[in-house]
Amino acid sequence: MTNRCRGTTTPAPPPRTTVTWAGANARRLARQHLLPGSAPSPSASPADAVSAMLGAHAQVLSAAELSVGLRGDGLTRTDVRTALWTDRSLVKTFGPRGTVHLLPAAELPLWTGALSAVPAGASPFPRDARMTPDQVEEVVAGIAAALTGAELTIDELSDEVVARTGPWAGDLVMPGFQSMWPRWRQVLHLAGHRGVLAYAPNRGRKATYTNPGCTPLPGPGAVAALIERYLYAYGPATPAHLARWLAAPKPWVAGQFAALADAGAIEEVAFEGEGPAWVVAGDTEFPADRARGVRLLPYFDAFAIASWPRTELFPGAAYERALAGGQAGNYPVLLVDGTVAGVWHPRRSGRRIAVTVEPLEPLPAPRLRELEEQVERVAAIMEGTAELTIGPVTVGAHA
């Protein structure tokens, strides 16, 4: 390329790496320890597994236990519960998208530093239900003080917050589950993101909360580190992918990507079906072959939620059968060679784990044998005895 003004030659930029969907999907599965031969060492802990997947969605704790166990070597639900409530190497708190997650305790400063730096979107609540910025800070400070050295139920915490702030915090203005919740609860997840609230062990059937005593890392560095970790686990990815995973404003995420690119921390690749996308700088090696094997993933598994494009992971009839309005996670999924090929349903009765699998197409004998092995593994993680039923083939079925 010739510079006409100076008469010099400017070297052309190096060609971008081209990444196929199959290669990206196989690498994601391997880094999630979901491919044969990709499991971590026998000494890997539940915290190691959660770190690899960037948090385990834990609104349904039994599903989180299964997600973690599937990424370990011999891990069971007891191992996860021990890590959470005894060793405290895991923390149950509010993670990406403001949803309940298991996060590694050692990484909580990074997570809280990044999540608390994400700009808040428009309030979904009516104007008369909202809180001013000063009220938000007052409530978060009240939560932090009330939970320091304590484990409180939501009702006990509510009484403490109202006592430390004012009656306005207790106004019943938030729609809840067939009831109205007090005003202050709209920032419950924010207290988690600030590092002053996490779940403690249940008291009977009631959840309790405590202050984990976490000091968040400075926001800019924490955000950059989390983006790089996301790209390592789920790249190539676009700013729109990360914005959806993080529930962050798209322009803000685009600005973060631009800053990281200018600093040489990430690089652009050509991603099949998506166009320009990003990976960690220098992290451009991808498998030549597509993923192979059968896997069962539970509700809201991190791999299904964070992998894009959805039309490739949920091809054809799987897009309608295994997604809810385009949202992943509402159904446990059957993976065959790295893509969704059906759904499944676990049902526990004592130690018996009845697993019904509904494939989108009939499974040949070799795949059925792999499926049986996966069902046995699911039952072992759940500390039960497996029973497999192949349900009707559901080609074209709607959820």
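So, how was this worked out
Residues numbered from 1 in each chain as written. Predicted model: local features only at pLDDT ≥ 70, side-chain atom pairs only at ≥ 80, totals over all residues. Heavy atoms only, no water. pLDDT = per-residue confidence, 0-100. Contact = heavy atoms within 4.5 Å. Pairing = 2+ DSSP bridges. Helix = DSSP H or I, 4+ residues; strand = E, 2+ residues; numbered from the N terminus. Axes fitted to C-alpha atoms, helices over the stretch in contact; angles between N-to-C directions. Core = buried A, V, L, I, M, F, W, Y, C linked by side-chain atoms within 4.5 Å. Buried < 20%, exposed > 50% of the residue type's maximum accessible area, 1.4 Å probe, protein only. Parallel < 35°, antiparallel > 145°, perpendicular 65-115°, else oblique. Nonpolar A, V, L, I, M, F, W, Y, C, P; charged D, E, K, R; others polar. Salt bridge = Lys/Arg side-chain N within 4 Å of Asp/Glu carboxyl O.

## A look at the confidence of the model for the protein
Okay, step 1: On average, residues of the protein score 92 in pLDDT, and 93% of them reach the 70 mark or higher.
Okay, step 2: Segment residues 1–5: pLDDT under 50, and seven contacts once partners within four positions in sequence are set aside and those in other chains are kept.
Okay, step 3: Predicted confidence is poor over residues 395–399, with pLDDT under 50, and the contacts of this stretch with residues over four places away or in other chains come to 11 contacts.

## Some remarks on the sheet that holds strand β6 (residues 100–104)
Okay, step 1: The strand order across the open sheet built from three strands is β4-β6-β5, with neighbouring strands paired in antiparallel fashion. Two strands close off the open sheet at either side, each with one partner strand: β4 (56–57) and β5 (90–94).
Okay, step 2: Pairing of β4 with β6 involves two bridges; the strand directions are antiparallel. When the bridges of β6 are listed, Ala56 appears paired with Leu102.
Okay, step 3: Seen against the sheet, helix α5 (residues 108–115) touches β5 and β6 and runs at an angle of roughly 135° to β6.

## Quick word on the sheet that holds strand β7 (residues 152–153)
The strands making up a sheet associate through backbone hydrogen bonding, with each pair oriented either parallel or antiparallel.
Okay, step 1: A sheet is described by the order of its strands in space; here three strands give the open sequence β7-β11-β10, paired in antiparallel fashion. Bordering the open sheet on either side are β7 and β10 (198–203), each of which pairs with just one other strand.
Okay, step 2: Bridge count for β7 against strand β11 (residues 206–210) is two bridges, and the pairing is antiparallel. What sits directly across from Leu152, in β11, is Tyr209.

## Some thoughts on the nonpolar core
Okay, step 1: Leu157, Trp184, Leu197, Tyr230, Leu231 and Trp245 are the most contacted members of the largest nonpolar core, which has 76 residues in total.
Okay, step 2: Considering every element that reaches this core, the biggest residue donor is helix α9 (residues 219–234), with nine residues.

## Description of the pairing of strand β16 (residues 339–349)
Okay, step 1: Of the pairings in the sheet, the one linking strand β15 (residues 333–336) to β16 comprises four bridges and is antiparallel in character. By the bridge assignment for β16, Val333 is matched with Val343.
Okay, step 2: Where β16 meets strand β17 (residues 352–359), eight bridges bridge the pair, whose relative direction is antiparallel. Looking at β17, one finds that Trp344 is bridged to Val357.
Okay, step 3: Between the antiparallel neighbours β16 and β17 lie two residues, among them Gly350 with a positive phi of about 65°.

## Points about α5
Okay, step 1: α5 sits mainly inside the fold: seven of its eight residues count as buried.
Okay, step 2: For α5, the secondary structure elements touched by its buried residues are β5, β6, α8 (188–193), α9 and α10 (239–246).

## Some remarks on the packing of α5 against α9
Okay, step 1: With their axes 7 Å apart at the nearest point, α5 and α9 run at an angle of 105° to one another. Classified by the interaxial angle, the pair formed by α5 and α9 is roughly perpendicular. Taken together, the residues of α9 that come into contact with α5 (itself represented by Leu110, Trp111, Gly113 and Ala114) are Gly219, Ala222, Val223, Ala225, Leu226 and Arg229.
Okay, step 2: Here the residues of the contact of α5 with α9 sort into seven nonpolar, two polar and one charged.

## Some details on the environment of Arg203
Okay, step 1: By the secondary structure assignment, Arg203 is in strand β10.
Okay, step 2: Given a relative accessible area of 41%, Arg203 falls into the partly exposed group.
Okay, step 3: Taking the C-alpha atoms as reference points, Arg203 and Leu297, separated by 94 residues in sequence, lie 30 Å from one another.

## Notes on the pattern of salt bridges
Okay, step 1: Summed over the entire model, instances satisfying the criterion amount to 16 salt bridges.
Okay, step 2: In this structure, Asp283 engages Arg31 in a salt bridge whose closest nitrogen and oxygen atoms are separated by 2.8 Å. Placement of Asp283 in the loop between β13 (275–280) and β14 (294–297) and of Arg31 in helix α1 (residues 21–31) is noted, with a sequence separation of 252 residues between them.
Okay, step 3: On the basis of relative accessibility, which here comes to 18%, the residue Arg31 falls in the buried class.
Okay, step 4: Overlapping salt bridges, with partners in common, bring together Arg292, Asp337, Arg367 and Glu370 in one network.

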